[in-house]
Each structure stands twice: as C-alpha cells, then as structure tokens.
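# Observations on the model geometry
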Amino acid sequence: MTATPFRTVLVANRGEIALRVMRTARRLGLATVAVYSSADAGAPHVRAADRAVAIGGARPAESYLSIAALIEAARVGGADAVHPGYGFLAENAAFAHACREAGLVFIGPSAEAIAVMGDKAGAKRLMRRAGVPCIEGYEGADQSDATLAAAAEAIGYPVMIKASSGGGGRGMRLVGSAADFAAALQRALSEAHGAFRSSAVILERALVAPRHIEVQVFADRHGHVIHLGERDCSVQRRHQKLIEETPSPAVDAALRERLGAAAVAAIGAMVGVGAANGVGGAGAAGGPGSVVGPIGYEGAGTIEFLLKRDGSFRFMEMNTRLQGEHPVTEAIAGLDLVEWQLRVAAGEALPLTQSQLRFDGHAIEVRLCAEDPAHGFMPQSGTLALWQPAAGVRVEHALHSGIEIAPYYDSMIAKLVAHGPDREAARRRLLAGLEQTVALGLATNRDYLMRCLANPVFAAGEATTAFVAGQGAALAARGVETVIPDYRL
C-alpha cells in the first residue's frame, strides 16, 4: 500500500477540538496550522498552533464551513494534511474531495465513504444487505407529504422523522400521532434544509425508552478493521448527548461481541465483505472481530445503535469521524485515538489487532455547556468571568478567565472525563470534579449534570433515552446539596 507521509497538519476546527488534535500532533513531531474566524482571533487554539490563518467572519458559513477558505489556509500555512476535527466539515464529502484534489492528505475516510454513510437512507439499505439489523422505517425517494404521511401510518406511531443528511439532533422530530405529523414534518423539513441544505428525510419507528449505544471502529488501508467496544450515550437533551460512558452498564460480554461484530460488518458492507472474511469469528488474521480485505474505509468511525430491553439492537447511523466522547474509550483502552488517526492517514497499519486490545475499568464523560437548563437549555453567550478547571479528572477545554463565549458556535465549552476501577468510582470522581469546577459569569449546566450523576436511576445504571424527560422534575430541582449524597472518595 502507498504511504502518504505528511509534516504539517491544518486543523479545520476550533476550541477544545483543535487543541485536542494539536496536542497529539505536537507529541508526534508534526507542525500544526490553526484557522480562526473573526470571533476567535485571540482564542487559545490560535495561540497553541505553530501558525494561524484567518479564514473569515464569525458565522460558521463565513469561516469554518467555507471549503474554499480552508483549502486556501492550508496553502498559506504550508500544510500538507488536514484534520477536520469532529463537527463542522468532519463528515462533509465535498471537503474531503477538495482536500484530495488540492494534494492534501485528509485525515479521515475517503470522500466516497463519507458520502455513502452520510446518506441515512442509503446507509440503512446498505446495512440491511449486510445483515445488520436496522430500525423499521421508510427511506424512499418519494418525499411528498402524502407519501410520508402514509408511510408513517404503515410504520405505526410513534415515529421519528430524521433529516437524511443530518446529525446532532437537527431536523429530528418525534411524532406521537397522525394528527401531529403534518406540523412536525414541516418543522423537520425547515430545520433540515437550514442545517444541511437538504430537505430529504427518513422515517423510523420510534422505540420506547431504548439505550443509545455506539461502537468505536477503526480501519486502515491494509484491510484491517477492529472495534474498541461500546459507549452508552443514552442521557440526552434535544437528541444531543450530555453524558457518555464505557462500558455500558446494559451490555454484557456476549452482547458486546454481537455489537462489535455488527459494527465491523457495517464497515465491510461498503464493498460487500463481511462474514465471508471472518467478521466476529476467529478466521480473520486480526483475530475475532477483525476483517482483512479491500474494504474501502480508512480511519475512525462510530456505528450507532438503539438497544432494546430484550438485548436486541438496531442500526441507526454511522458517523464517519472521531466522536467528541472518544476520551472515555481512550481512558479504558489506554490509547490515543487521534494518534491512530494520524498514523493510519500516513499509511501505517493499525497498531493493535482485536485480540491485543485490553480494557481497564470504567470511564464517564459529561459535556459542560453554556446553557440554562431551567429555561429549556437556552444557549448562553457572554464573558466567562472566572474559569478554574477541576484537578483529578481529564478536562478538555479551550477556556480562560475573561474569555468571550460567542453566540455563533455550539454551546459546549468543556468536557470532563473520570476514569475509575469500576463504574461507581468513576461516577463519584466525576461528581467531585464537577463540584470543583468553577465557571462563573454566565449560566452553565454544571449543577444539572451533578443532579444527573447523583440521580438514583443513573447511579443504578438504568438510564435510557427517556431519562431526561422521565426525571425532569428531580433534575430541574434547585439546590444541588439537597439531592447529591456524599460522593467524596
């Protein structure tokens, strides 16, 4: 296989994401180029890079989502590779293609692979052909209101409307009855077009209180694919994740093997490999759960499933990138997954086979957001007057006292990750870390996250996607000291 070495990486992202990638790149001896909007001229990620290039206005469409500006920044900054981070253009096939046309190494899968999995309808059809169980639904080309309404009736309520080209909860609506369908559809179509420039949607049967389980996968150009276990991302608000953990308290060893085999089969499905090459079995050269063959996928990916109480699961979608919650996997595996991305993009083989992976303990991550949970999780902007991150837990952030939190970007401002020998130890350490975290000057969800972690349902490992709604009154309570028991170690 052809190697594609590179020396200088442009990170096409901002904030803690850019800092995370730069930290590993620097350790590997690579130079880094930051890009920044007019709102981020003095941001920490700009100062951390070897070089920095301005790319446009504060709004993402004028800067971080401008493919032309990013390609030009790579030229000006002397980069020969581009890491998209996670978010913005990380799953944009046109961006991956433009990087390739410009002679840049794109640190991620090919444009073709991104396009295949970026279309939810096409991805589900592909998964069905590979034998991966999928949620019952409609993915047809006929997008007329009448056809969609009839399809929803045939599926049976409740149904979920999803933007076919989307993610992150945008263009998604849960519909409980036929009477509500038309209005929900119009809202979903409008949001999908605004976010993704496409109004195509799919319909899915809405499962009642499932777990949201995702499996981290990695592939190299030498034909090896492995999975790195599952993450439980069930605690969500507005279909966006708040708490992630690994391993899932709902997954035992047998189910983990089945989930891993399905995730690896999903990668192999891109060119029709799968069981014939030993998916989930011992016949593959990489060990159980590995595939050897010309699979057409390279780098990190995440296969997302919904898990029912009976242990059955259904494919939802694939994210062709590293996820924001990858630190919990790194914690229990003792690995640097950004390093894996960089090495695989340069043409190296995966450093470990499936049978060589070892996992230790439990890890939980929370997303600290500048938002007001008491008012519908309304995003906040303004000056972060005082910032003091906790000691004793991993904190991914790009903050300092006095920094301006702009209104143009995602409300997440930091991630806290705790690792312990077991789930309870990790949970207690994360509670202590949140208590020690100081973020003053604007509303955050810090206390809300503490109530989530202290809630008896979460503490017992029983949280599903219905957790936030089902525990609404308890989670909204003021005065965290009244609901949080002594968690100190």
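Please read these numbers as outputs of a predicted model, since none were measured by experiment.

### Overview of the pattern of salt bridges
This model, assessed by the stated rule, comprises 35 salt bridges. Note that Arg 321 and Glu 91 form a salt bridge whose closest N and O atoms lie 2.8 Å from each other. With Arg 321 in the loop between β15 (313-319) and α10 (326-333) and Glu 91 in the loop between β4 (81-83) and α4 (93-101), this residue pair connects regions lying 230 residues apart in the sequence. Where Arg 128 meets Glu 139, a salt bridge forms, and the shortest distance between an N and an O atom there is 2.8 Å. You can see Arg 128 sitting in helix α6 (residues 120-129) and its partner Glu 139 sitting in the loop between β6 (137-138) and α7 (145-155), a full eleven residues away along the chain. Bridged by salt links that share partners, the residues Arg 20, Arg 23, Arg 27, Glu 330, Asp 336, Glu 339, Arg 343, Glu 348, Arg 394 and Glu 396 form one connected network.

### Topic: empty space enclosed by the protein
This structure, assessed with the given rule, holds three cavities of 30 Å³ or more. Taken as a whole, the largest cavity encloses approximately 50 Å³ of empty space. In terms of lining residues, the largest cavity is bounded by Arg 211, Asp 232, Ser 234, Val 235, Ile 243, Glu 244, Glu 245, Arg 423, Phe 458, Gly 461, Glu 462 and Ala 463. Only β11 (224-237) and β12 (240-246) provide two or more residues apiece to the lining of the largest cavity. By residue class, the composition of the lining of the largest cavity is four nonpolar, two polar and six charged.

### Some thoughts on the state of the cysteines
A covalent bond between the sulfur atoms of two cysteines is what we call a disulfide. Scanning the entire structure with this criterion turns up zero disulfides. The closest cysteine sulfur to the non-disulfide-bonded Cys 134 is located on Cys 233, 19 Å from its own sulfur. Looking at Cys 233, it has no disulfide partner, and the nearest cysteine sulfur is the one in Cys 369, 14 Å off. Accessibility expressed as a relative area gives 0% for Cys 233, which makes it buried.

### Examining the pairing of β11
Counted residue by residue, β11 has 13 buried out of 14 residues, so it is predominantly covered. Alignment of strand β10 (residues 211-219) against β11, held across six bridges, turns out to be antiparallel. Residue Glu 214 lies in a different strand from β11, and its bridge partner there is Arg 231. Linking two consecutive strands that pair antiparallel, namely β10 and β11, is a turn of four residues; a positive phi of about 95° is found at Gly 223 within it.

Conventions and cut-offs
- Residues numbered from 1 in each chain as written.
- Predicted model: local features only at pLDDT ≥ 70, side-chain atom pairs only at ≥ 80, totals over all residues.
- Heavy atoms only, no water.
- Salt bridge = Lys/Arg side-chain N within 4 Å of Asp/Glu carboxyl O.
- Helix = DSSP H or I, 4+ residues; strand = E, 2+ residues; numbered from the N terminus.
- 1 Å grid on protein atoms, 1.4 Å probe; cavity = no way out; pocket = protein on both sides within 12 Å on 5 of 7 lines; lining within 4 Å.
- Points joined across faces, edges and corners; volume = space filled by probe spheres on them.
- Nonpolar A, V, L, I, M, F, W, Y, C, P; charged D, E, K, R; others polar.
- Disulfide = S-S within 2.5 Å.
- Buried < 20%, exposed > 50% of the residue type's maximum accessible area, 1.4 Å probe, protein only.
- Pairing = 2+ DSSP bridges.

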